Amino acid sequence: PHFLFNTLNTVSSLMQNDVQRVDRLLTRLGDLLRASLNAAESDTVPLREEIRLLRIYAEIMQERFAGRISVDWQIAEDAFDIRVPAMLLQPLLENAFKHGVERTTDSVRIRITAGRLGERLSLNIHNTGSTLRPGWLDGVGLANCRERLRVLYGDAATLSIAGDNSGGVEAAIALPYGSGGA
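Rules of the game
- Residues numbered from 1 in each chain as written.
- Predicted model: local features only at pLDDT ≥ 70, side-chain atom pairs only at ≥ 80, totals over all residues.
- Heavy atoms only, no water.
- Helix = DSSP H or I, 4+ residues; strand = E, 2+ residues; numbered from the N terminus.
- Contact = heavy atoms within 4.5 Å.
- Core = buried A, V, L, I, M, F, W, Y, C linked by side-chain atoms within 4.5 Å.
- Buried < 20%, exposed > 50% of the residue type's maximum accessible area, 1.4 Å probe, protein only.
- Salt bridge = Lys/Arg side-chain N within 4 Å of Asp/Glu carboxyl O.
- Pairing = 2+ DSSP bridges.

> Is there a simple way to explain the side chain of Thr-113 in this structure?
Structurally, the position occupied by Thr-113 is in strand β4 (residues 108–117). Excluding anything up to four places from it in sequence, Thr-113 contacts Gln-74, Ile-75, Ser-122, Leu-123 and Asn-124.

Okay, structure coming up:
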């Protein structure tokens, strides 16, 4: 809901000055809402579809924070057909924007990577512009992601959140592929 309200507020603030930008935002918002309804029909989707949704979400957020974000997509070709939990990565990317972009006026880099590592699929979202505060706890989005992974894969999937020395945070998911939901 916060994402929807923030997007509509952005549309409202731009509609008199930049009609083309508002048109792009509303088109992308419609695409995302349509795709999210389709994603709800299945527990898992090909990574290709998950990345398509993430790109739409990222484009909306890049319009909202124009000029302050660069997004780097590093998705291995051999990973696109692997099935992943539907809408699993969106809350992680949302956190990168919420904690990395919204809380600073500096430029922020977000890197999204996916690839096979042995018999696992590695999915990572890293952002600059934020750090983990001591004693931080999972919010609702992370708790939901962890629970979905547990239901689909038991102990075979992991989700970790870690800070790094460069003033950034990375969410890392490792999934088995060929079993469970993938």
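> Sorry, what's going on with the nonpolar core here?
Generally speaking, a soluble globular protein has its nonpolar side chains buried in company with each other. Leu-93 and Ile-110 are the most contacted members of the largest nonpolar core, which totals 55 residues. At nine residues, the largest contribution of residues to this core is made by helix α3 (residues 47–64).

> Just checking my understanding: could you explain the pattern of salt bridges for this structure?
Side-chain pairing between opposite charges can occur once the charged atoms of the two side chains come close. Scanning the entire structure with this criterion turns up eleven salt bridges. Close ionic contact of Glu-59 with Arg-28 constitutes a salt bridge, the shortest N to O distance being 2.3 Å. Linking Glu-59 in helix α3 with Arg-28 in helix α2 (residues 19–39), this pair joins segments that are 31 residues apart in sequence. Assessed through its relative accessible area of 30%, Glu-59 is described here as partly exposed. Residue Glu-102 is joined to Arg-64 by a salt bridge in which the shortest nitrogen-to-oxygen separation is 3.3 Å. Of the two residues, Glu-102 sits in the loop between α4 (90–101) and β4 while Arg-64 sits in helix α3, which places them 38 residues apart along the sequence. Among the residues examined, Glu-102 registers a relative accessible area of 37% and is labelled partly exposed. Connected via shared salt-bridge partners are Arg-28, Asp-31, Arg-34 and Glu-59.

> Looking at this model, I keep getting lost on the pairing of strand β2 (residues 69–75). Mind explaining?
Here is the key point about a regular strand: its side chains alternate between the two faces of the sheet. Burial along β2 is one-sided: Ile-69, Val-71, Trp-73 and Ile-75 are buried, while Ser-70, Asp-72 and Gln-74, pointing the other way, are not. Direction of pairing for β2 relative to β4: parallel, over a ladder of seven bridges. Looking at β4, one finds that Ser-70 is bridged to Arg-109.

> How do you make sense of unusual backbone geometry when you look at a structure like this?
Keep in mind that most residues, glycine aside, have a negative phi and that most peptide bonds are trans. Even without a glycine there, the phi angle at Met-87 is positive, about 60°. Summarising the element assignment, Met-87 is placed in the loop between β3 (83–85) and α4. Looking at Met-87, the relative accessible area reads 23%, which means it is partly exposed.

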